[in-house]
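Here's the letter readout for the chains.
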Amino acid sequence: MIGLVSATAAGAAARDRLAAAWPDRTRVYEGPAGDAVRAAFAECEQLVCFLATGAVVRLIAPLLGDKRTDPGVVCVDEGGRFAVSLVGGHGGGANALAVEVGEVLGAEPVVTTATDAAGLPGLDTLGLPVEGDVAGVSRALLDGEPVALAAEVAWPLPPLPVAAGGRHVIRVTDRLVEPGEREVLLRPPTLVVGVGASRGASEAEVLGLVEDALRDAGLSARSVAELATVDAKADEPGIVRAAERLGVPLVTYSAEELAGVAVPNPSDAPLAAVGTPSVAEAAALRRGGELLVPKRKSAASPAMATCAVVRRPGRGRLAVVGLGPGARDLLTPRAKAELRRASVLVGLDQYVDQIRDLLRPGTRVLESGLGAEEERARTAVAEARKGQAVALIGSGDAGVYAMASPALAEASDDIDVVGVPGVTAALAAAALLGAPLGHDHVSISLSDLHTPWEVIERRVRAAAEADLVVTFYNPRSRGRDWQLPKALAILAGHRGPATPVGVVRNASRPDESARVTTLAALDAATVDMMTVVTVGNTATREIAGRMVTPRGYRWQEETR
């Protein structure tokens, strides 16, 4: 919960705007500012104070304890011009909150954390438990000193400017080791603990068994990703509470699923009790990995719990990112976040140039020219399979005549794939033309590079017969100049010569142009590959210079 505190009418007005925008995330604290700040500090994960920073500093100074547990505090000035991340920038999430508050209130976020200001990911913001000399290693990164990366287990990290032989070290490990001098340990969630238990097994017995097994194997409990068991034990109190104490989810599988997993130590007892010859080992191994701790029984007599530990390999991450039509303000916040998260960027050279300034220092860029789509897709998937965090970029929406299709055709279930939508060309063009897509519509590419013309022609004919608004992608190039006239002729057989047609070139870019003409008047020679052509249906009209397709057919009936 985010506590909101104000002291003046102007501050209360901005406070109420934020509360209205986030009704489920915020709580307004009334009364004297000092009392309100103290109450919010004790009860909330974060605070937004509509007060002067000096006043907030004096109010919270006696309350500060540990930056790992204190709430993040953001200050907004009376004029609503700035949202200042005051304390808890990383641990309390104040830096991210300042950006969010700025987006809602139109304020400028002010973030002074050194790593954020320099474009480096904070070691305590990677979503992994962190131990050791965070401040010292972060300072070395900021000062350009060589910092080594020792990845004992693969994990997709954002770009870090690391080098071999550095005195400072970032170690990615799930082993139970102490950080050395000038060293930071990152704990990736690589370990899965399979658990079986007799009815009535206590939390202490289950938790003690798991902790002993991890310690004896030299593994860190902070790298446990989940506890896993059979469906029949989903509500066994000892298992449920042990998962809660460890702070991990409890994942369950059916007896049939577990019975199909090959294990080294099957037993008749669980087969008779729950229908599978193995619970602990099978549940841990269900999604693959290396068995580090075979089935182990608790020390109680009789033993009522078993466990096994598996290390799953780190999965690479592939984000397929749509950059939109070209304008920076049409690039989504999610796309920006994925670009900054990626340690490897793969894309067409001209698209890379559009967003190069958004990449973090150390991002490895793999760019190529036109006509290498399949090669880029294969490269991106191969890098993800190495355990990297990869962003594969395309213009518009990456799923529309772009990189998502070839990438997903190459990818298998051994990597995580995330799709990031973008504003596609048809939508950017429609916004300039008016409302041509107000009713059913279809997009058709006229490029026969990947699709035979016979198939394209059949689709155009079907769209014409169905009276759909049609947006043509890739309408005409120097070496392919007859397809657009042919497609327009097909449409002309089903709709009148005065049918509005929108022609948009370089939508959202500085040299954009848009015009509305008619099906009879359109000169195909004025169209190129940077153009989108939208042909209306029989109800589309030009109104005040804009192309409008009504949501219903009432207009068509009225004009008959």
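That block above? That's the structure.
Residues numbered from 1 in each chain as written. Predicted model: local features only at pLDDT ≥ 70, side-chain atom pairs only at ≥ 80, totals over all residues. Heavy atoms only, no water.

### Points about the overall build of the protein
Along the backbone of the protein there are 19 helices and 28 strands. With respect to the three principal axes, the spread of C-alpha positions in the protein is 90 × 65 × 55 Å. Within the protein, buried positions represent 47% of all 560 residues. By sequence separation, contacts in the protein at least 24 residues apart represent 63% of the contacts at least 6 residues apart. Approximately 25,600 Å² of the protein is accessible, and the part contributed by carbon and sulfur atoms is 51%. (Helix = DSSP H or I, 4+ residues; strand = E, 2+ residues; numbered from the N terminus. Buried < 20%, exposed > 50% of the residue type's maximum accessible area, 1.4 Å probe, protein only. Contact = heavy atoms within 4.5 Å. Areas by Shrake-Rupley, 256 points an atom, 1.4 Å probe, with all protein chains shown as cover.)

### Remarks on the sheet that holds strand 17 (residues 344–348)
Overall, parallel pairing links the five strands, which are arranged 18-17-19-16-20 in an open sheet. Two strands bound the open sheet, and with one partner strand each, they are strand 18 (364–368) and strand 20 (416–420). Strand-to-strand twist across the sheet, computed as the mean angle between neighbouring axes with direction ignored, equals 15°. Bridging between strand 16 (residues 317–322) and strand 20 involves five bridges; their strand directions are parallel. Bridging from a neighbouring strand, valine 320 pairs with glycine 419 of strand 20. Relative to strand 16, helix 12 (residues 333–341) is tilted by about 140°, and along the sheet it contacts strand 16, strand 17, strand 19 (389–394) and strand 20. (Pairing = 2+ DSSP bridges. Axes fitted to C-alpha atoms, helices over the stretch in contact; angles between N-to-C directions.)

### Some details on empty space enclosed by the protein
The tally for this structure, following the rule as stated, stands at one cavity of 30 Å³ or more. Considered as a void within the structure, the largest cavity measures approximately 30 Å³ in volume. Together, Arg317, Ala319, Glu338, Arg341, Ala342, Ala389, Val390 and Ala391 line the largest cavity. At the level of elements, strand 16, helix 12 and strand 19 are the ones that each hand at least two residues to the lining of the largest cavity. With three residues, strand 19 is the single largest residue contributor to the lining of the largest cavity. Considering only residue class, the lining of the largest cavity consists of five nonpolar, no polar and three charged. (1 Å grid on protein atoms, 1.4 Å probe; cavity = no way out; pocket = protein on both sides within 12 Å on 5 of 7 lines; lining within 4 Å. Points joined across faces, edges and corners; volume = space filled by probe spheres on them. Nonpolar A, V, L, I, M, F, W, Y, C, P; charged D, E, K, R; others polar.)

### Here we look at the packing of aromatic side chains
In total, this model carries two aromatic pairs according to the counting rule given. Consider the rings of tyrosine 401 and tyrosine 473, whose centres lie 4.7 Å apart with planes at 55°: the pair is tilted. In this pair, tyrosine 401 is assigned in the loop between strand 19 and helix 15 (404–410) and tyrosine 473 in strand 23 (residues 469–473), connecting sequence segments 72 residues apart. We classify tyrosine 401 as partly exposed; its relative accessible area is 43%. Tyrosine 473 sits in the buried class, given a relative accessible area of 8%. Geometrically, the ring pair formed by tryptophan 453 and tryptophan 482 is edge-to-face, given 5.0 Å between the ring centres and 70° between the ring planes. (Phe/Tyr/Trp six-rings, centres within 6.5 Å; stacked < 30°, edge-to-face > 60°.)

### Re the environment of aspartate 523
Position of aspartate 523 relative to the elements: it lies in the loop between strand 25 (513–518) and strand 26 (531–535). By relative accessible area, which is 43% here, aspartate 523 ends up partly exposed.

### Digging into the pairing of strand 18
With five bridges joining them, strand 17 and strand 18 adopt parallel strand pairing. Bridge pairing in strand 18 places leucine 345 opposite valine 365. Between strand 17 and its parallel partner strand 18, the chain crosses via helix 13 (residues 349–355), and the hand of that crossover is right-handed. (Right-handed = clockwise from strand over helix to strand, strands pointing away.)

### Some details on helix 14 (residues 373–385)
Helix length check: helix 14, at 13 residues, gives a terminal C-alpha distance of 19 Å against a target of 18 Å (1.5 Å per residue), a fit within 8%. Among the residues of helix 14, Arg376, Ala377, Ala380, Val381, Glu383 and Ala384 are the ones counted as buried. Buried residues in helix 14, looked at end-on, bunch into an arc of 160°, giving them a common side. Looking at the buried positions of helix 14, the neighbouring elements they touch are strand 16, strand 17, strand 18, strand 19 and helix 15. (Expected span 1.5 Å × (residues − 1). Arc of directions from axis to C-beta.)

It is worth stressing that arrangement in space is one thing and function is another; only the former is reported here.
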